[in-house]
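What follows is the residue order along each chain.
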Amino acid sequence: MNILEVEGVSAAYRKNTVLNDVSFSIPKGSLTGIVGPNGAGKSTLIKVLLELHPKLSGNVYFFGTSLKKVKSKVGYVPQRGSVDWDFPTDALDVVMMGMYGQIGWLKWPKKIHRKKAMEVLDKVGMADFSHHQISELSGGQQQRVFLARALIQDADLYFMDEPLAGVDAATERAIMAILRELKNKGKTVLVVHHDLQTVEDYFDRVLFLNRTVVAHGNTSSTFTTQNIEKAYGGSVRWLKEGIGIVGTHLQ
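Everything numeric in this text was worked out from a predicted model, so none of it was measured.

Help me understand the overall build of the chain, please; the structure alone is not making it clear to me.
Regarding its fold elements, the chain presents nine helices and 11 strands. Taken over 251 residues, the chain has a buried fraction of 50%. Partitioning the contacts of the chain with sequence separation of at least 6, the portion at a separation of at least 24 is 64%. Element-wise, carbon and sulfur atoms account for 48% of the exposed surface of the chain, whose accessible area totals about 12,600 Å².

How should unusual backbone geometry be read in this particular structure?
Glycine aside, residues mostly have negative phi, and peptide bonds are mostly found in the trans state. The phi dihedral of R14 is positive, around 55°, even though this residue is not glycine. By relative accessible area, which is 86% here, R14 ends up exposed. With a phi angle near 60°, E51 is a residue other than glycine that sits in the positive phi range. Its place among the elements puts E51 in the loop between helix 1 (42-49) and strand 4 (57-62).

Would you mind showing me how to read the confidence of the model for the chain here?
If pLDDT is low for a region, its predicted coordinates should not be looked at in detail. In the predicted model, the chain carries a mean pLDDT of 86, and the fraction of residues at 70 or more is 87%. Long-range and interchain partners of residues 238-251, a stretch whose pLDDT sits below 50, account for 30 contacts in this model, where long-range means more than four residues apart.

What's the story with the packing of helix 5 (residues 139-151) against helix 6 (residues 169-184) in this structure? I'm lost.
Viewed as axis vectors pointing N to C, helix 5 and helix 6 meet at an angle of 15°, and their least axial separation amounts to 10 Å. Compared by their axis directions, helix 5 and helix 6 come out roughly parallel. For the element pair helix 5 and helix 6, the recorded crossing hand is left-handed. For the pair helix 5 and helix 6, the contacting residues are G140, Q143, R144, L147 and L151 in the first and A170, T171, A174, I175, I178 and L182 in the second. Here the residues of the contact of helix 5 with helix 6 sort into seven nonpolar, three polar and one charged.

Reading the values: the criteria
- Residues numbered from 1 in each chain as written.
- Predicted model: local features only at pLDDT ≥ 70, side-chain atom pairs only at ≥ 80, totals over all residues.
- Heavy atoms only, no water.
- Helix = DSSP H or I, 4+ residues; strand = E, 2+ residues; numbered from the N terminus.
- Buried < 20%, exposed > 50% of the residue type's maximum accessible area, 1.4 Å probe, protein only.
- Contact = heavy atoms within 4.5 Å.
- Areas by Shrake-Rupley, 256 points an atom, 1.4 Å probe, with all protein chains shown as cover.
- pLDDT = per-residue confidence, 0-100.
- Axes fitted to C-alpha atoms, helices over the stretch in contact; angles between N-to-C directions.
- Parallel < 35°, antiparallel > 145°, perpendicular 65-115°, else oblique.
- Left-handed = near helix turned anticlockwise from the far one by under 90°.
- Nonpolar A, V, L, I, M, F, W, Y, C, P; charged D, E, K, R; others polar.

This is the structure in structure tokens:
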């Protein structure tokens, strides 16, 4: 079963086309990396799929229907740079924002909600920072808190926009462990990713995007030199040791 079906989606900012005839499908229980050069439309794609940016054409189906009917099944972690970290709230409150569907709008959270939020913060290694203002946290800590907010929704499909950007090595390992755990539980995860060197280790599927879909499929068969060169305009220089990729360079 395909959790997500994208058919001929195009989008623009003013008169500049950023996505052109994008089509792909995502199977249930997969962990997909969305990769491509800067300006390829990766973040825009997620925003269009989640109706945070208008599309010019095309259709998008979540679980065979519209997003409006299944919003509770979809989680989203935005780019850290798009968040107002000066907003006066602590880590615990940020996580509980992901529970509004359970708590109800304009209602105070109960003890059981706070307990659940603390459990998720503990899962991402942030329980000791629950009452810290988010503006006081490091970039990696902020990313863990936003991941916790998404996890507490217990969604079936997650979109994550560069969750590994600017985080330390320990946070990167912790986030990837959680994403693999989600996949093993049958959840479906799409991740905008920037590091080509880790694609094969992190994702079982890869989607190459450069305003349109260049290639998409299982990482083992799709993450090839040819597809990388197509996506990045032939500007990738490879260094190999045996079969594994040990380095890339974008000229």
